[in-house]
Amino acid sequence: NIFEVSPHLINGVMGAIDGCRLALGPCMILHYTLQGLWHPARKVRETYWKIYNNQYIGAQDALVAFYPAMDDDDKNTYQRQELDLIL
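Residues numbered from 1 in each chain as written. Predicted model: local features only at pLDDT ≥ 70, side-chain atom pairs only at ≥ 80, totals over all residues. Heavy atoms only, no water.

Topic: helix α1 (residues 7-24)
Okay, so step 1: Spanning 18 residues, α1 covers 25 Å between terminal C-alpha atoms, matching the ideal 26 Å at 1.5 Å per step.
Okay, so step 2: For α1, the complete set of buried residues consists of Val 13, Met 14, Ile 17 and Arg 21. The arc that holds every buried residue of α1, seen down its axis, measures 100 degrees, which confines them to one face. Along α1, the residues that are exposed and aim more than 90 degrees away from the buried face are His 8, Asn 11, Leu 22 and Ala 23.
Okay, so step 3: Check the buried side of α1 and you find it contacts α2 (26-36) and α3 (42-58).
Okay, so step 4: Just downstream of α1 lies Gly 25, where phi reads positive at about 100 degrees. (Helix = DSSP H or I, 4+ residues; strand = E, 2+ residues; numbered from the N terminus. Expected span 1.5 Å × (residues − 1). Buried < 20%, exposed > 50% of the residue type's maximum accessible area, 1.4 Å probe, protein only. Arc of directions from axis to C-beta. Contact = heavy atoms within 4.5 Å.)

Overview of the nonpolar core
Okay, so step 1: Of all hydrophobic cores here, the largest spans 6 residues; its members are Leu 30, Leu 37, Val 44, Tyr 48, Tyr 52 and Leu 63.
Okay, so step 2: Apart from residues lying up to four places away in sequence, Leu 63 is in contact with Pro 26, Leu 30, Gln 55 and Tyr 56.
Okay, so step 3: Residues Val 13, Met 14, Ile 29 and Ile 51 belong to the second largest nonpolar core, which totals 5 residues. (Core = buried A, V, L, I, M, F, W, Y, C linked by side-chain atoms within 4.5 Å.)

Description of the layout of surface pockets
Okay, so step 1: One number sums up the size of the largest pocket: a volume of about 180 Å³.
Okay, so step 2: Lining the largest pocket are Ile 2, Phe 3, Glu 4, Val 5, Ile 10, Val 13, Met 14, Lys 43, Glu 46, Thr 47 and Lys 50.
Okay, so step 3: Secondary structure elements with two or more residues in the lining of the largest pocket: α1 and α3.
Okay, so step 4: In terms of residues, the lining of the largest pocket owes the most to one element, α3, which gives 4 residues. (1 Å grid on protein atoms, 1.4 Å probe; cavity = no way out; pocket = protein on both sides within 12 Å on 5 of 7 lines; lining within 4 Å. Points joined across faces, edges and corners; volume = space filled by probe spheres on them.)

The following block contains the structure:
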(Lines give C-alpha, C1' and ligand atoms only; values in the text may rest on other atoms or scores of the structure.)
Protein backbone atom coordinates (compact mmCIF):
# COMPACT_ATOMS: atom_id res chain seq x y z
CA ASN A 1 0.00 0.00 0.00
CA ILE A 2 1.58 3.29 -1.07
CA PHE A 3 -0.40 5.27 1.52
CA GLU A 4 1.22 3.74 4.62
CA VAL A 5 2.70 6.02 7.27
CA SER A 6 5.47 3.76 8.56
CA PRO A 7 8.87 4.77 7.10
CA HIS A 8 9.95 1.14 6.73
CA LEU A 9 6.88 0.27 4.71
CA ILE A 10 7.20 3.38 2.58
CA ASN A 11 10.81 2.50 1.71
CA GLY A 12 9.81 -1.08 0.97
CA VAL A 13 6.97 -0.06 -1.32
CA MET A 14 9.13 2.50 -3.13
CA GLY A 15 11.77 -0.18 -3.63
CA ALA A 16 9.14 -2.56 -5.00
CA ILE A 17 7.88 0.10 -7.42
CA ASP A 18 11.46 0.74 -8.59
CA GLY A 19 11.88 -3.00 -9.09
CA CYS A 20 8.71 -3.10 -11.18
CA ARG A 21 10.03 -0.16 -13.19
CA LEU A 22 13.17 -2.10 -13.99
CA ALA A 23 11.35 -5.36 -14.73
CA LEU A 24 8.31 -4.04 -16.62
CA GLY A 25 9.71 -0.83 -18.01
CA PRO A 26 8.91 2.75 -17.11
CA CYS A 27 5.94 2.91 -19.48
CA MET A 28 3.77 0.60 -17.40
CA ILE A 29 4.50 2.44 -14.16
CA LEU A 30 4.04 5.85 -15.80
CA HIS A 31 0.52 5.00 -16.96
CA TYR A 32 -0.50 4.14 -13.40
CA THR A 33 1.33 7.13 -11.93
CA LEU A 34 -0.22 9.73 -14.25
CA GLN A 35 -3.67 8.89 -12.95
CA GLY A 36 -2.82 9.99 -9.41
CA LEU A 37 -0.75 13.11 -10.11
CA TRP A 38 -3.82 15.36 -10.24
CA HIS A 39 -5.99 13.61 -7.67
CA PRO A 40 -8.18 15.98 -5.60
CA ALA A 41 -6.73 14.76 -2.28
CA ARG A 42 -3.40 16.34 -1.36
CA LYS A 43 -2.08 13.25 0.44
CA VAL A 44 -2.72 11.10 -2.63
CA ARG A 45 -1.05 13.66 -4.93
CA GLU A 46 2.04 13.88 -2.73
CA THR A 47 2.50 10.11 -2.82
CA TYR A 48 2.09 9.89 -6.57
CA TRP A 49 4.44 12.84 -7.16
CA LYS A 50 7.07 11.09 -5.02
CA ILE A 51 6.72 7.98 -7.18
CA TYR A 52 6.85 10.05 -10.37
CA ASN A 53 9.98 11.93 -9.23
CA ASN A 54 11.77 8.67 -8.42
CA GLN A 55 10.76 7.31 -11.77
CA TYR A 56 11.91 10.46 -13.54
CA ILE A 57 15.31 10.24 -11.88
CA GLY A 58 15.68 6.58 -12.84
CA ALA A 59 14.43 6.65 -16.44
CA GLN A 60 14.35 10.17 -17.86
CA ASP A 61 15.16 9.22 -21.43
CA ALA A 62 12.71 6.31 -21.55
CA LEU A 63 9.76 8.35 -20.26
CA VAL A 64 9.76 10.93 -23.06
CA ALA A 65 8.29 8.56 -25.63
CA PHE A 66 5.45 7.55 -23.32
CA TYR A 67 4.11 10.92 -22.24
CA PRO A 68 0.49 11.27 -23.35
CA ALA A 69 -0.15 12.98 -26.67
CA MET A 70 -1.84 16.36 -26.39
CA ASP A 71 -3.65 18.31 -29.08
CA ASP A 72 -2.18 21.60 -30.24
CA ASP A 73 -4.02 24.76 -29.28
CA ASP A 74 -3.82 28.28 -30.67
CA LYS A 75 -1.03 29.28 -28.26
CA ASN A 76 1.12 26.13 -27.89
CA THR A 77 2.36 23.37 -30.17
CA TYR A 78 2.62 19.99 -28.47
CA GLN A 79 3.24 17.86 -31.56
CA ARG A 80 6.32 15.64 -31.39
CA GLN A 81 8.15 14.55 -34.47
CA GLU A 82 9.52 11.04 -34.79
CA LEU A 83 13.04 12.38 -34.98
CA ASP A 84 12.61 14.06 -31.57
CA LEU A 85 11.72 10.71 -30.03
CA ILE A 86 14.70 8.95 -31.57
CA LEU A 87 17.26 11.55 -30.53
